[in-house]
Amino acid sequence: FTSFESHSVASGREGGLPQIWVVSYASETTSDVTDFVQLSFEEDAYDVGLGGNSMYNADHVVIAYDSLVTPLSSIKIPLDSPTDLSKRTVLKEQEVPGYNRSDYSCERTTVKSRDGSADIPVSIVYRKDVEEKIKSGEAVPAHLYGYGSYGACMEASFRSTRRALLDRGMVYVIAHVRGGGEMGRQWYEEPNGAKYLCKQNTFNDFVDVAKWMIDDRKITTPNQLSCEGRSAGGLLIGASINQAPELFKMALLGVPFVDVVCTMIDATIPLTVVEWEEWGNPNEEKFHKCMMEYSPINNVKDGATYPSCLLTGGLHDPRVQYWEPAKFAAELRHKQGSSSGPVAVKIDMAAGHFSASDRYKYLKELAFDYAFLLDQLGLVDAKKA
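The following refers to the structure shown. Since the model is a prediction, treat every value here as computed from it, not as a measurement.

1. Considering the side chain of T272
Item 1. Note that T272 resides in helix α6 (residues 272–279).
Item 2. Given the relative accessible area of 1%, T272 is considered buried.

Shown next as structure tokens:
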């Protein structure tokens, strides 16, 4: 909440998206509100927040805005007419060499959960020529991303690196599953969120979105669908491919938390005890039983056809030790059916949980992940738009 001489500006969430409201007062010496308006934007899926506003007597507010198709921008908005789009001024926009925003489009929709109790927000971005293919009934390759833990919000923000997939004809989808905070605290907490004993909702939601993409929206097919998650998102991917391995062709599991019970039961690991606040303490029977029902390493289906998997880890990771992806890979190789895809493991001998801090090394690692993804989807030779 930021106050100016004659207005105040508030930020919060509504409808699963960040929002900004402008409050107008009758005069500079009264708190009587004369108007309370929410800022609107042209795109359906976006991220917005307050920028640096240090001038108390300013007649405008500066916000930071980006979307799935719009690079990060600083926008100047007049406080006396905040809803007039024509009076807004873009002060600066992130430069993205070779990027043409008009080639892309994004949308926001919802998917009904299997129990009917939740509408799962879904953000989608694609090239406009790919959109026309989908409208004509053609299935295209797609990538589904999710996280769903700690009440963290996965915003519909801009990432130039997605172009490596989008320009090869893929659709990029973010599933804002329960366990995150997109829809408020109830999206995270018990009894209807995805914490403690209702954690299964996170995985069910992700699988429901994948099924919707294939069966209802008909964007893609199981043979063209990849999925991705990191850390607790890796848990999401591991549990989802156990629940419905037939839905996915390829899975990226970055530093994945997949050996839930063994890790959470060992109080000598520095972060374990504080993590009981998120997952529960498996030394208690009810939490142990719940965790055993979704822990990826304990629920690999014997003889099932699994997607191709790339599991990554860091030797110095204090949150998810390197042996978790290694153990899960071994379990997959031992139990999965002969028609399953390859299971690859990549351990960085110099990295921790958040991988490389050097941006160029980060890009090299992402290129490695995407190269594996494109290879398994048969898109290595796809013509880049």
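After that view, the rundown keeps rolling.
2. Section: the pairing of strand β2 (residues 7–14)
Item 1. Summarising the sheet, strand β1 (residues 2–3) and β2 pair through two bridges and their orientation is antiparallel. By the bridge assignment, T2 is partnered in β2 with V9.
Item 2. In this sheet, strand β3 (residues 17–25) lies alongside β2 in antiparallel orientation, the contact comprising eight bridges. Among the inter-strand pairings, R13 is bridged to a residue of β3, identified as P18.
Item 3. Counting the residues that bridge the hairpin from β2 to β3 gives two residues, and of these G15 lies at a positive phi of roughly 65 degrees.

3. A look at the sheet that holds β2
Item 1. The strand order β1-β2-β3-β4 describes an open sheet built from four strands, whose pairing is antiparallel. Each of the sheet's edge strands pairs with one partner strand only, and the pair in question is β1 and β4 (33–38).

4. Quick notes on the packing of aromatic side chains
Item 1. Applying the stated rule across the entire model yields 11 aromatic pairs.
Item 2. Centre to centre, the rings of Y196 and F287 are 5.6 Å apart; their planes meet at 55 degrees, and the pair counts as tilted. Separated by 91 residues along the polypeptide, Y196 in the loop between β12 (171–175) and α3 (200–216) and F287 in helix α7 (residues 285–294) bring together distant segments of the chain.
Item 3. Note on Y196: relative accessible area 19%, which makes it buried.
Item 4. Consider the rings of F203 and Y294, whose centres lie 5.3 Å apart with planes at 50 degrees: the pair is tilted. Residue F203 is located in helix α3, and its partner Y294 is located in helix α7; the two are separated by 91 residues in the primary sequence.
Item 5. The buried category is assigned to Y294, whose relative accessible area is 3%.
Item 6. Site record: aromatic cluster; members linked through ring pairs are F41, Y46 and Y65.
Item 7. The lysine or arginine in question, R162, covers the ring of Y172, its NZ or CZ lying 4.8 Å from the ring centre.
Item 8. Stacked on the ring of F368, the Lys or Arg K346 has its end atom at 5.1 Å from the ring centre.

5. Here's the deal with the pattern of salt bridges
Item 1. Inspection of the entire model under this criterion finds 16 salt bridges.
Item 2. Salt-bridge contacts for E155 lead to R13; the nearest nitrogen and oxygen are separated by 2.7 Å. Within this pair, whereas E155 is found in the loop between β11 (142–145) and α2 (163–166), its partner R13 is found in strand β2, the two being separated by 142 residues in sequence.
Item 3. On the basis of relative accessible area, R13 is assigned to the partly exposed category, the value being 31%.
Item 4. The shortest N-O distance in the salt bridge between E131 and K135 comes to 3.6 Å. With E131 and K135 both in helix α1 (residues 128–135) and four residues apart, this pair spans about one turn of that helix.
Item 5. What makes E131 buried here is its relative accessible area of 19%.

Thresholds applied
- Residues numbered from 1 in each chain as written.
- Predicted model: local features only at pLDDT ≥ 70, side-chain atom pairs only at ≥ 80, totals over all residues.
- Heavy atoms only, no water.
- Helix = DSSP H or I, 4+ residues; strand = E, 2+ residues; numbered from the N terminus.
- Buried < 20%, exposed > 50% of the residue type's maximum accessible area, 1.4 Å probe, protein only.
- Pairing = 2+ DSSP bridges.
- Phe/Tyr/Trp six-rings, centres within 6.5 Å; stacked < 30°, edge-to-face > 60°.
- Lys NZ or Arg CZ within 6 Å of the ring centre and 35° of its normal.
- Salt bridge = Lys/Arg side-chain N within 4 Å of Asp/Glu carboxyl O.

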